[in-house]
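# Structural characterization, general
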Amino acid sequence: MAKIDPTQTRGYRNRNPGNIEHHERNKWLGLDNPPSDGRFCRFVEHRYGIRALAVLLMAYQDRHDCDTVAKIIERFAPKSENPTKNYATVVAKNLGVGLNDRINVHDPVTMYRLVEGIIRFELGGMPYAGNELWEGLELAGFVRPRPANIVEAATTTTGKGTLAATLAGAAAVASQAEPVIDALGRLPWQAALALVIVAAIGVLIWRAKWA
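As the structure is a computational prediction, the values presented were derived from the model and not from experiment.

Secondary-structure assignment places Phe-76 in helix 3 (residues 69-76). Between the C-alpha atom of Phe-76 and that of Leu-56, which follows or precedes it by 20 residues, the distance is 9.1 Å. The contacts of Phe-76, once residues within four sequence positions are left out, are Gly-18, Leu-53, Leu-56, Tyr-60, Tyr-87, Ile-118 and Glu-122.

This is the structure in structure tokens:
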């Protein structure tokens, strides 16, 4: 079976990665003109399609008591048109929960994982970087979590992204600081290592404070 290119799917072309159907009563922020391809919404930017998906999922929980992956997907992708059980299983795995475990879609990380799982299933893959998903969620009112400390930065998905960016920035600075590096090379290795660690921690703290 040929692998699907998610950027060639209808949902991606419509900038509507959740494949939300168009209804005249739903005046979604960021709708394109025309607002529909005949069935599904069309958005002017991908972040608005991601936002709409998050807002819809919050409405499922707040208005319809859909507080498990099974309930959410049964409503979002009914059995009459979709392999609902398989769909829910894939999304639950992405969240790391059971089909009937209660979840809170108002938690930003939970919503991120829920939206991510739905998009992967709808488009047959993930065409968006993490920052693009967060831009859509921020439009829906979510606050992107920041790593609280070095341990979190090294062990969480969100933190790893920040840590990677920090280390990349530190590497760029280091490439322009050859005299300093040369001086470190003349120190005992324990002292040089300690200085490098302190410098890396300082950069991470500075980025977390001002990002």
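Before going further, it helps to examine the packing of helix 3 against helix 4 (residues 84-95). Direction vectors running N to C along helix 3 and helix 4 enclose 135°, while the axes themselves pass 9 Å from each other. On the basis of their axis angle, the class for helix 3 and helix 4 is oblique. The crossing of helix 3 and helix 4 is right-handed. Mapping the contact onto sequence places Val-69, Ile-73, Glu-74 and Phe-76 in helix 3 and Thr-84, Tyr-87, Ala-88, Val-91, Ala-92 and Leu-95 in helix 4.

This part covers unusual backbone geometry. Here the residue pair Asn-33 and Pro-34 is connected by a cis peptide bond, since its omega of 5° sits within 30 degrees of zero. Examined against the element boundaries, Pro-34 turns out to sit in strand 1 (residues 31-36). In this structure, Asp-65 is a non-glycine residue whose phi angle is positive, near 55°. Tracing the backbone shows Asp-65 in the loop between helix 2 (46-64) and helix 3. Asp-65 sits in the exposed class, given a relative accessible area of 56%.

Where two aromatic rings form a pair, the distance of their centres and the angle of their planes describe that pair. Following the criterion strictly, the structure yields 4 aromatic pairs and no others. The interplanar angle of 20° and the centroid separation of 4.0 Å between the aromatic rings of Tyr-87 and Phe-121 together place this pair among those described as stacked. Highlighted residues: Tyr-87 in helix 4 and Phe-121 in helix 5 (residues 108-123), separated in sequence by 34 residues. Taking relative accessible area as the criterion, Tyr-87 reaches 0% and is therefore assigned buried. Measuring from ring centre to ring centre gives 4.9 Å for Tyr-112 and Trp-134, while their planes differ by 25°; the resulting arrangement is stacked.

Between two packed helices, both the angle of their axes relative to each other and the distance between the axes serve to describe the pair. The interhelical angle for the contact between helix 5 and helix 6 (residues 130-139), taken along N-to-C directions, is 115°, at an axis separation of 11 Å. Comparing their axes, helix 6 and helix 5 come out roughly perpendicular. The handedness of the crossing between helix 5 and helix 6 is right-handed. On helix 6, the residues that touch Pro-108, Val-109, Met-111, Tyr-112, Val-115, Glu-116 and Ile-119 of helix 5 are Gly-130, Leu-133, Trp-134 and Leu-137. Tallied by class, residues from the contact of helix 5 with helix 6 come to 9 nonpolar, 1 polar and 1 charged.

Parameters and conventions
- Residues numbered from 1 in each chain as written.
- Predicted model: local features only at pLDDT ≥ 70, side-chain atom pairs only at ≥ 80, totals over all residues.
- Heavy atoms only, no water.
- Helix = DSSP H or I, 4+ residues; strand = E, 2+ residues; numbered from the N terminus.
- Contact = heavy atoms within 4.5 Å.
- Axes fitted to C-alpha atoms, helices over the stretch in contact; angles between N-to-C directions.
- Parallel < 35°, antiparallel > 145°, perpendicular 65-115°, else oblique.
- Left-handed = near helix turned anticlockwise from the far one by under 90°.
- Buried < 20%, exposed > 50% of the residue type's maximum accessible area, 1.4 Å probe, protein only.
- Phe/Tyr/Trp six-rings, centres within 6.5 Å; stacked < 30°, edge-to-face > 60°.
- Nonpolar A, V, L, I, M, F, W, Y, C, P; charged D, E, K, R; others polar.

As far as function goes, none of this settles anything; it's purely spatial.
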